[in-house]
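# Survey of secondary and tertiary structure
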Amino acid sequence: MVTKLAENLYTTQVPLPDNPLRYINVYFIKGDERTLVIDTGFNRPECENAIQAAFDELGVKDADIFVTHLHSDHCGLAARFASRNSTIYTGEIDGEYINFEVGDLYWRWLEILFDKHGFPRAKEGRNTDYHPGKQYSLDKRVDFTYVAEGDVLEYGGYKLKAIMTPGHTPGHMCLYDEENKRLFSGDHILGTITPNITIELGVENPLGDYLKSLDKIDQLEVDHLMTTHGTPVDDVHERIHELYKHHTARAAEVVNLLGDKSKHAYEVAADMTWEIDCRNWDEFPMAQKWFATGEAASHLQYLMYEGKLEREERDGVYYYRNK
Ligand SMILES: [Zn+2]
């Protein structure tokens, strides 16, 4: 079912089966000639059907798409729509990652990156085989139309300015409607959920990038935050403040857990507190251990760049200790 939010602006909840996020809010900006869809859901029939149902309800035959970032719950259906002659917009950095992830090399390198943070190899197959990014992402490359910082997309009488907000992913982008003080925030700022900040190929300090991108959005006037997961956010500046506090507390927890020992990210992740329905670390599903290790590593890297920790490499694994 489609909900009208403003003139020519609609949203629907697209289900994300077997995923703790449960759904993604997809936005539709209906124009006289073209409609813009912001994010798509996974490359799964359940998501495609939900978007098609919204098209039917809105009387839309075809649409262009803006992808906020590389994660499969946001870009999964981009290739399907590309085959229908839609223009698929995204930032160049995440666009390049999305196409890189269609091949196998990305996943082999990602597994090597996690080796460096102490993640044990699966007994059979690869750890990345359990990754929803691999399971539900694009099955073929897309000829994206790249959008750069400050570029403006015009649909349905709205002017949407692209804003780079790296952190949650290396090239995450938001769309800002300055006139109506409305921000389509992708996964940069969410309601009840704290966006996952994880390590990525080619990125040294994702949490540092993320905090800078929060600052950038804090400078904007935003009355309406269009979130993709979780509950709506009334006060974006208050939410930014909470996210800051969350990461400061997490960083302090990491410093505490290290004490006077030298540990890798997998060991730190096993001892951190997580909101998950498992009694202990051994019960965590593989994918959740993966995300937790990435999150721990991003805090360790951040603390290292802040000059609080030092890192040493032993047998190909990074160990961190308090200075
Ligand atoms: Zn995401």
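Residues numbered from 1 in each chain as written. Predicted model: local features only at pLDDT ≥ 70, side-chain atom pairs only at ≥ 80, totals over all residues. Heavy atoms only, no water.

## Thoughts on the coordination of the zinc ion
Here is the rule we go by: Donor atoms (N, O, S) are those found within 2.8 Å of the metal centre, with the cutoff raised to 3.2 Å for Na, K and Ca; water is not part of the atom list, so apparent gaps in a site can occur. Labels for metal geometry use angle windows, namely 85 to 135 degrees for all angles of a four-donor tetrahedral site, and for square planar (four donors) or octahedral (six donors) sites opposite donors over 155 degrees apart plus all others within 65 to 115; sites meeting none of these are irregular. Only runs of H or I of at least four residues qualify as helices and only runs of E of at least two qualify as strands under DSSP, and these elements are numbered from the N terminus. Partly exposed describes any residue whose relative accessible area lies between the buried limit of under 20% and the exposed limit of over 50%, with all areas from a 1.4 Å probe on protein chains only and scaled to the type maximum.
Looking at the zinc ion, one finds its protein donor set to be His 69 (NE2), His 71 (ND1), His 168 (NE2) and Asp 187 (OD), positioned 2.2 Å from the metal centre. Viewed at the metal, the four donor atoms of the zinc ion are separated by angles of 86 to 170°, and the geometry they form is irregular. Summarised as a motif, the one-chain spacing of the donors to the zinc ion is H-x1-H-x96-H-x18-D. Highlighted residues: His 168 in the loop between strand S9 (158–164) and strand S10 (173–177) and Asp 187 in the loop between strand S11 (182–184) and helix H7 (206–218), separated in sequence by 19 residues. Using a relative accessible area of 6% as the deciding quantity, one classes His 168 as buried.

## Re the sheet that holds strand S2 (residues 9–15)
What counts is decided by this rule: For two strands to be treated as a pair, DSSP must find at least two bridges joining them. Axis definition: a line fitted to C-alpha atoms, over the contacting stretch in the case of helices. Angles run 0 to 180 degrees between N-to-C directions.
Spatial ordering of the open sheet is given by S1-S2-S3-S4-S5-S6-S7, a layout of seven strands whose pairing is mixed. Where the open sheet ends on each side, the last strands, each with one partner, are strand S1 (3–6) and strand S7 (145–147). For this sheet, the mean inter-axis angle between neighbouring strands, taken without regard to orientation, is 30°. Both strand S4 (residues 35–38) and strand S5 (residues 64–66) contribute to a ladder of three bridges, which runs parallel.

## Regarding the pairing of strand S14 (residues 317–322)
Relative to S14, strand S13 (residues 309–314) runs antiparallel, the two sharing six bridges. Across the sheet, Glu 313 pairs through a bridge with Tyr 318, a residue of S14. In this antiparallel pair of consecutive strands, S13 and S14, the connection spans two residues, and Asp 315 shows a positive phi of 50°.

## Considerations on the packing of aromatic side chains
Just so we agree on the cut-off: When the centres of two rings from Phe, Tyr and Trp lie within 6.5 Å, Trp using its six-membered ring, the rings pair. Their planes under 30 degrees apart give stacked, over 60 give edge-to-face, and anything left gives tilted. Throughout this description, the term charge over a ring refers to an Arg CZ or Lys NZ atom that lies within 6 Å of the ring centre and within 35 degrees of the ring normal.
All chains considered together, the criterion is met by 16 aromatic pairs. Between Phe 28 and Phe 55 the ring centres are 6.1 Å apart and the planes differ by 75°, which places this aromatic pair in the edge-to-face class. Taken together, the residues Phe 28 in strand S3 (residues 23–30) and Phe 55 in helix H1 (residues 45–58) connect sequence positions 27 residues apart. The burial state of Phe 28 is the same as that of Phe 55; both residues are buried. Three or more aromatic residues joined by ring pairs form one cluster here, namely Phe 114, Phe 119, Tyr 266, Trp 281, Phe 284 and Trp 290. One cation-aromatic arrangement involves Arg 250 over Trp 274; the distance from NZ or CZ to the ring centre is 4.5 Å. For Arg 314, the ring lying beneath its charged end belongs to Tyr 319, and the centroid distance is 4.0 Å.

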